[in-house]
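# Residue-level structural notes
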Amino acid sequence: MLAKADAYEQERFRHTQELFENHPEVRVADVEAAARVAVTTVELVVHKVCAAPDPIGTRRLEDELVSMPHRYLTGPA
């Protein structure tokens, strides 16, 4: 089971890296690291915020989860 979960995680990293490499607005210096950071960050934030005793609401979470990685990926490298 752990091996399957790890393989799925690696596939998410590879897929995200490929998306970043083929998107002209992405300006990070290290696309591989950026993909891993982005996937891990979004997963962690979703789990923590949704499980919190005082969730912020779906719309607000979505807005921030679009805004935060967009600024990171498209800002100055």
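Residues numbered from 1 in each chain as written. Predicted model: local features only at pLDDT ≥ 70, side-chain atom pairs only at ≥ 80, totals over all residues. Heavy atoms only, no water.

## Re the packing of helix 2 (residues 31-51) against helix 3 (residues 58-74)
Following both chains from N to C, one finds helix 2 and helix 3 inclined at 160°, their axes separated by 11 Å at the closest point. Taken together, the axes of helix 2 and helix 3 lie roughly antiparallel to each other. Here the hand of the crossing between helix 2 and helix 3 comes out right-handed. For the pair helix 2 and helix 3, contact is made by Ala-34, Thr-41, Val-42, Val-45, Val-46, Val-49 and Cys-50 and by Leu-61, Leu-65, Met-68, Tyr-72 and Leu-73, respectively. Of the residues that constitute the contact of helix 2 with helix 3, the class distribution is 11 nonpolar, 1 polar and no charged. (Axes fitted to C-alpha atoms, helices over the stretch in contact; angles between N-to-C directions. Helix = DSSP H or I, 4+ residues; strand = E, 2+ residues; numbered from the N terminus. Parallel < 35°, antiparallel > 145°, perpendicular 65-115°, else oblique. Left-handed = near helix turned anticlockwise from the far one by under 90°. Contact = heavy atoms within 4.5 Å. Nonpolar A, V, L, I, M, F, W, Y, C, P; charged D, E, K, R; others polar.)

## Points about helix 1 (residues 2-21)
Relative to the 28 Å expected for 20 residues at 1.5 Å per residue, helix 1 spans 28 Å between its end C-alpha atoms, a close match to the ideal helical length. Within helix 1, the full set of buried residues consists of Phe-13, Thr-16 and Phe-20. End-on view of helix 1: buried residues confined to an arc of 70°, all on one side of the axis. Among the exposed residues of helix 1, those oriented more than 90 degrees off its buried face are Ala-3, Lys-4, Tyr-8 and Glu-21. Of the surrounding secondary structure, the elements contacted by the buried residues of helix 1 are helix 2 and helix 3. (Expected span 1.5 Å × (residues − 1). Buried < 20%, exposed > 50% of the residue type's maximum accessible area, 1.4 Å probe, protein only. Arc of directions from axis to C-beta.)

## Observations regarding the side chain of Thr-74
When you line up the elements, Thr-74 lands in helix 3. The buried category is assigned to Thr-74, whose relative accessible area is 16%. At 2.6 Å, the side chain of Thr-74 and the backbone oxygen of His-70 are in polar contact. Residue contacts for Thr-74: discarding those within four places in its chain leaves Glu-25 and Arg-27. (Polar contact = N/O pair within 3.5 Å; in protein donor to acceptor, adjacent residues only side chain to side chain.)

## Describing the packing of helix 1 against helix 2
For the pair helix 1 and helix 2, interaxial distance at closest approach is 8 Å and the crossing angle is 120°. It follows that helix 1 is oblique to helix 2 by the angle criterion. For helix 1 against helix 2, the interelement crossing comes out right-handed. Within the contact between the two elements, helix 1 uses Arg-12, Phe-13, Thr-16, Gln-17, Phe-20 and Glu-21 and helix 2 uses Val-31, Glu-32, Ala-34, Ala-35, Arg-36, Ala-38, Val-39, Thr-40 and Glu-43. When grouped by side-chain class, the residues that make up the contact of helix 1 with helix 2 number 7 nonpolar, 3 polar and 5 charged.

Everything listed here is a matter of geometry and, on its own, says nothing about what the molecule does.
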